[in-house]
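A look at the structure
For reference, the chains in residue letters:
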Amino acid sequence: MRPDVEAMKADIEQSVALLRRRLDWDVAVRKLDELNARVEDPTLWDKPDEAQAVSRERAQLEGKINTVKEMVRDLEDGVMLSEMADEEGDEATLEEARAQLKAIKDRAARAELEALLSGEADGNDAYLEVNSGAGGTESNDWAGMLLRMYTRWAKAHGYEVEIEALEDGEQAGVKSATVLITGPNAYGWLKSESGVHRLVRISPYDAAAKRHTSFASIGVSPVVDDTIEIDINPSDVRTDTYRASGSGGQHINKTDSAVRLTHIPTNTVVACQAGRSQHQNREMAWKMLRGRLYELELQKREAAAQALADAKTDIGWGHQIRSYVLQPYQMVKDLRTEVETSDTAGVLDGDLDAFMGAALAQRVGETRGSSVD
C-alpha cells in the first residue's frame, strides 16, 4: 500500500475509533434497538408529543450509527480499490482511490466535530437573526451579504431555510431578518456564529471609491421543543401587531398580520411576518421568544459564552468576532480562534465549516490548526 494511502487509512480508522468511543458503541446499538421497538408500538402514538420526541431521538441516533458504518464500508472499498490499482500499476485508478479516501477523511473529521455537539439543544433547529449596524446603505448591504452567506451554507448542508421576518434596506440589502434553519444539529453548528461581523471593502456606493468599514450582527437561538421547559409570564410580554413588509409576494398583505413580542424584563424582541394570518405569526413569534430566552439562559450558565454575551452589546468597533477584508488585500479572520483564509469568495458563498469547527472545538476545550489556506 502506498504511504499516503496508508496514512489516510490510519487517520480514518482513528476517527472511527474515536466516534465509537464517544457514542459508547455497544450501548448506542442497544439503545437504537429499544427506540425501534418503541416506535413500532402502536400505543406510543396515543401521545403525539412523546411519539415525536422518541422518533426524533431514534432518527438522530440511527444517523450517528449509520455514519460510522458507512465510513467503515467506504474505507474498505477505497483501500481495496487502491490495492488493486497498485498491483496493476494503474495510476488513474489509484488517483480515484486517493480521492475517495480523501473524501472519507473529510467526512470523518466533520463527524468528529459533530460528536462534540452534546449540548441540550445542539440537535435542534435554529433561528438566525441578522441586524445591520450603523452606516445606512453600507451596513444594510453587508447584512444582506451575511444573510446570503448563511443561506448558502445551510442549503449546502441539506438544511431547509425559511424567512420568518424581513425588513429591507432603503437602497440595498436588509436592515434586519430572521430565518428558520431546519435540520439535524442546526443550532449546534450555528451557535458559535453569534456576534458582530466586520467588513472592509471599497464601497460600490461611493463614487470616490473609498474604503469603508461596515458592521452587522448575527444572533442564533435554538427552536425549543417541549422537552426543554421555558417559563414565561404572559404579563411580562408586550404584543404589537403591524403590517408585514418586504419585497412583496404572498406573505405581504394589507392587514396587521405581523406580530412583534417584547419580553420586558430582558428587553428581548422577536418578530414574525411569514404566516398568512396574525394567529400563525403569533404562534411562531412565541416559539422564537422561547428560543431567545433559552439562549440567554445558556449564556448565563456557560462561562465560555460570556464573551459572546458581551459581543452582542454593540454593533461596532471592539466587539467583532470575525473580520472580512476585501481591500487592500483579501482575508477572513476569526478573532476568537485565529482561523483565517484568503478565500474570501468561498467564505461569502457559504464555506464556513473551518470557522465553525474551530469555534466548536475551542468551546469544548480542544484545539485545531490556525489556518485553512
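Description of the structure in this document. (Residues numbered from 1 in each chain as written. Predicted model: local features only at pLDDT ≥ 70, side-chain atom pairs only at ≥ 80, totals over all residues. Heavy atoms only, no water.)

Examining the overall build of the protein chain
Scanning the protein chain from terminus to terminus reveals ten helices and eleven strands. Burial statistics for the protein chain: of 373 residues in total, 46% are counted as buried. In the protein chain, 64% of the contacts between residues at least 6 apart in sequence involve partners at least 24 apart. Carbon and sulfur atoms form 48% of the exposed surface of the protein chain, whose accessible area is close to 18,900 Å². (Helix = DSSP H or I, 4+ residues; strand = E, 2+ residues; numbered from the N terminus. Buried < 20%, exposed > 50% of the residue type's maximum accessible area, 1.4 Å probe, protein only. Contact = heavy atoms within 4.5 Å. Areas by Shrake-Rupley, 256 points an atom, 1.4 Å probe, with all protein chains shown as cover.)

Some words on the packing of aromatic side chains
This structure, assessed with the given rule, holds two aromatic pairs. Taking 4.9 Å as the distance between ring centres and 70 degrees as the angle between the ring planes, the aromatic pair formed by W142 and Y324 counts as edge-to-face. Here W142, found in helix α5 (residues 137-156), pairs with Y324, found in strand β9 (residues 320-325); they are 182 residues apart in sequence, far enough to count as distant. Judged by relative accessible area, which is 0%, W142 ranks as buried. Seen from their ring centres, W153 and Y159 are 5.5 Å apart, and the 35 degrees between their planes marks the pair as tilted. Classification of W153 as buried rests on a relative accessible area of 0%. Its relative accessible area of 6% is what places Y159 among the buried residues. Over the aromatic face of W25 sits the side chain of R20, whose NZ or CZ is 4.4 Å from the ring centroid. Looking at R260, its charged tip hangs above the ring of Y242, at a distance of 4.4 Å from the centre. (Phe/Tyr/Trp six-rings, centres within 6.5 Å; stacked < 30°, edge-to-face > 60°. Lys NZ or Arg CZ within 6 Å of the ring centre and 35° of its normal.)

Quick notes on the side chain of R322
Locating R322 in the fold gives a position in strand β9. For R322, a relative accessible area of 0% corresponds to the buried category. At 3.0 Å, the side chain of R322 forms a polar contact with the side chain of D334. Residues contacting R322, with those up to four places away along its chain left out, are Y150, E193, V196, H197, R198, V332, K333, D334, L335, R336, L352 and F355. (Polar contact = N/O pair within 3.5 Å; in protein donor to acceptor, adjacent residues only side chain to side chain.)

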